[in-house]
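What the coordinates show
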Amino acid sequence: MADLGALPAHIGIIMDGNGRWARQRGQRRTAGHRAGIRAIRRVMEAADEAGVHNLTLYAFSTENWSRPRYEVATLMRLFEQTLQEEVDELHQNGVRIRVIGRREQLSARLRRLVQEAEERTAGNTTGALTVAINYGGRAEIVDAVRALARAGADLTQLDEPTLAGALYTAGLPDPDLIIRTAGELRTSNFLLWQSAYAELYVTQTLWPDFGAADLLAALADYAARQRRFGGVPELD
Ligand code: FPP
């Protein structure tokens, strides 16, 4: 495999454009989501081959409940089905599965499947797949502060590491690269805290069309950037 240069340790992906993809084909939006799941498989394989073993996918935002009932129900069913179908293989490959977001609003069945998948794969260290469902970055920060308050922390002394450790993503490295498909130039409440220094990569490609070549293009773009974390570039 060609040298890809600096690789992100963790990539976050905003998988947008499923609806447009379906409309272009005269299909229902839900057909776009099904195609989106096929894209996830391709991208996970390509990421693994490239040496990136940590992915976080934005599957359902706290705002997505306002979509048509049929679409929400189908998405929830797809999450359940996909979890059931994929856990074995992910586990065999040493991938730790985590779901981030507010769970209370998910169905009891989905919550149970999530918990089983998380418990079963908790000891895996080869890779991590984190799926954001009913996730909002602001809600996550609010939940973290509430959890700390409930645990009796002195919030007047709150510092960044303590807050970061109370987020849903505790223990995961911050994403180095956030990829957004389908062209919108915003982060839409995704990993608000964690993406403070992430590089953003936006492509016009619709998520169901995104494949290995698109991932490699994003990685090449990332490798060519100079990350400063607010400092000055290093002198040679
Ligand atoms: C955005 O496209 C996509 C979503 C809101 C859903 C993404 C979910 C999947 C690909 C399924 C994921 C499944 C698992 C198990 C992780 P859009 O519908 O907003 O597209 P549009 O902007 O073109 O309408």
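Overview of the structure.

About the thresholds
Residues numbered from 1 in each chain as written. Predicted model: local features only at pLDDT ≥ 70, side-chain atom pairs only at ≥ 80, totals over all residues. Heavy atoms only, no water. 1 Å grid on protein atoms, 1.4 Å probe; cavity = no way out; pocket = protein on both sides within 12 Å on 5 of 7 lines; lining within 4 Å. Points joined across faces, edges and corners; volume = space filled by probe spheres on them. Nonpolar A, V, L, I, M, F, W, Y, C, P; charged D, E, K, R; others polar. Helix = DSSP H or I, 4+ residues; strand = E, 2+ residues; numbered from the N terminus. Expected span 1.5 Å × (residues − 1). Buried < 20%, exposed > 50% of the residue type's maximum accessible area, 1.4 Å probe, protein only. Contact = heavy atoms within 4.5 Å. Axes fitted to C-alpha atoms, helices over the stretch in contact; angles between N-to-C directions. Parallel < 35°, antiparallel > 145°, perpendicular 65-115°, else oblique. Left-handed = near helix turned anticlockwise from the far one by under 90°. Patch = residues over 30% accessible without salt bridge, like charges linked within 9 Å, V, L, I, M, F, W, Y side chains within 5 Å. Areas by Shrake-Rupley, 256 points an atom, 1.4 Å probe, with all protein chains shown as cover. Salt bridge = Lys/Arg side-chain N within 4 Å of Asp/Glu carboxyl O. Lys, Arg positive; Asp, Glu negative; His and termini not counted. Charge placed at Lys NZ, Arg CZ, Asp CG, Glu CD. Arc of directions from axis to C-beta. Pairing = 2+ DSSP bridges. Near = heavy atom within 4 Å. Polar contact = N/O pair within 3.5 Å; in protein donor to acceptor, adjacent residues only side chain to side chain.

This paragraph deals with the layout of surface pockets. The volume enclosed by the second largest pocket comes to roughly 160 Å³. For the lining of the second largest pocket, the residue count by class is 6 nonpolar, 1 polar and 4 charged.

Bringing helix α5 (residues 137–150) into the picture now. In this model α5 runs 20 Å from its N-terminal to its C-terminal C-alpha over 14 residues, within 8% of the 20 Å that 1.5 Å per residue would give. For α5, the set of buried residues is Gly137, Ala139, Glu140, Asp143, Ala144 and Leu148. Its buried side turned inward, α5 meets β4 (127–135) and α6 (160–166). One or two residues past the end of α5 sits glycine 152, with phi positive at roughly 85°.

Closest axis-to-axis distance for the helix α2 (residues 29–50)/helix α3 (residues 69–92) pair is 10 Å, and the angle between their directions is 25°. Taken as axis vectors, α2 and α3 run roughly parallel relative to one another. Pair α2 / α3 crosses with right-handed handedness. Contacts between α2 and α3 involve Arg29, Thr30, His33, Arg34, Ile37, Arg41 and Met44 from the first element and Tyr70, Glu71, Thr74, Leu75, Leu78, Thr82, Glu85, Glu86 and Leu90 from the second. By residue class, the composition of the contact of α2 with α3 is 6 nonpolar, 4 polar and 6 charged.

To continue, consider a negative patch on the surface. Together, Glu45, Asp48, Glu49 and Glu89 give the surface a local cluster of negative charge. Top contributing element to the negative patch by residue count: α2, with 3 residues. Relative to the helices and strands, glutamate 45 resides in helix α2. You can call glutamate 45 exposed: its relative accessible area is 55%.

The next point concerns helix α7 (residues 212–223). When the terminal C-alpha atoms of α7 are compared, their 16 Å separation across 12 residues agrees well with the 16 Å that a helix rising 1.5 Å per residue should span. For α7, the complete set of buried residues consists of Leu215, Ala218, Leu219 and Tyr222. With its buried residues spanning 100° around the axis, α7 presents them on a single face. Turning to α7, the residues buried within the fold contact β1 (11–14), α2, β5 (177–180) and β6 (199–202).

Taken N-terminus to C-terminus, the directions of α2 and α7 make an angle of 45°; their axes are 9 Å apart at the nearest point. Compared by their axis directions, α2 and α7 come out oblique. For the crossing formed where α2 meets α7, the hand is right-handed. Each of Val43, Ala46, Ala47 and Ala50 in α2 lies in contact with α7, whose residues at this interface are Ala212, Leu215, Leu216 and Leu219. Residues that form the contact of α2 with α7 fall into these classes: 8 nonpolar, no polar and no charged.

The next thing to look at is the pairing of β4. Moving residue by residue along a regular strand, the side chains alternate between the two faces of the sheet. Of all 9 residues in β4, 9 are buried, a share of seventy percent or more. In terms of strand pairing, strand β2 (residues 54–61) meets β4 through 7 bridges, oriented parallel. Counted as the bridge partner of serine 61 is tyrosine 135 from β4. Inspection of the sheet shows strand β3 (residues 95–100) paired to β4 by 6 bridges, in the parallel sense. When the bridges of β4 are listed, isoleucine 97 appears paired with leucine 129.

A word on the site of the ligand. With respect to spatial proximity, 17 residues lie near the ligand, and among them Asp16, Gly19, Arg20, Arg29 and Arg67 are the closest. For the ligand, an oxygen atom lies 3.1 Å from a polar atom in the backbone of asparagine 18. Taking 620 Å² as the accessible area of the ligand by itself, protein coverage stands at 90%. Going through the elements one at a time, α1 (18–24), α2 and α3 are the ones with two or more residues in the shell around the ligand. In terms of residue count, α2 provides more of the shell around the ligand than any other element does, 5 residues in total. Residue composition of the shell around the ligand, by class: 6 nonpolar, 7 polar and 4 charged.

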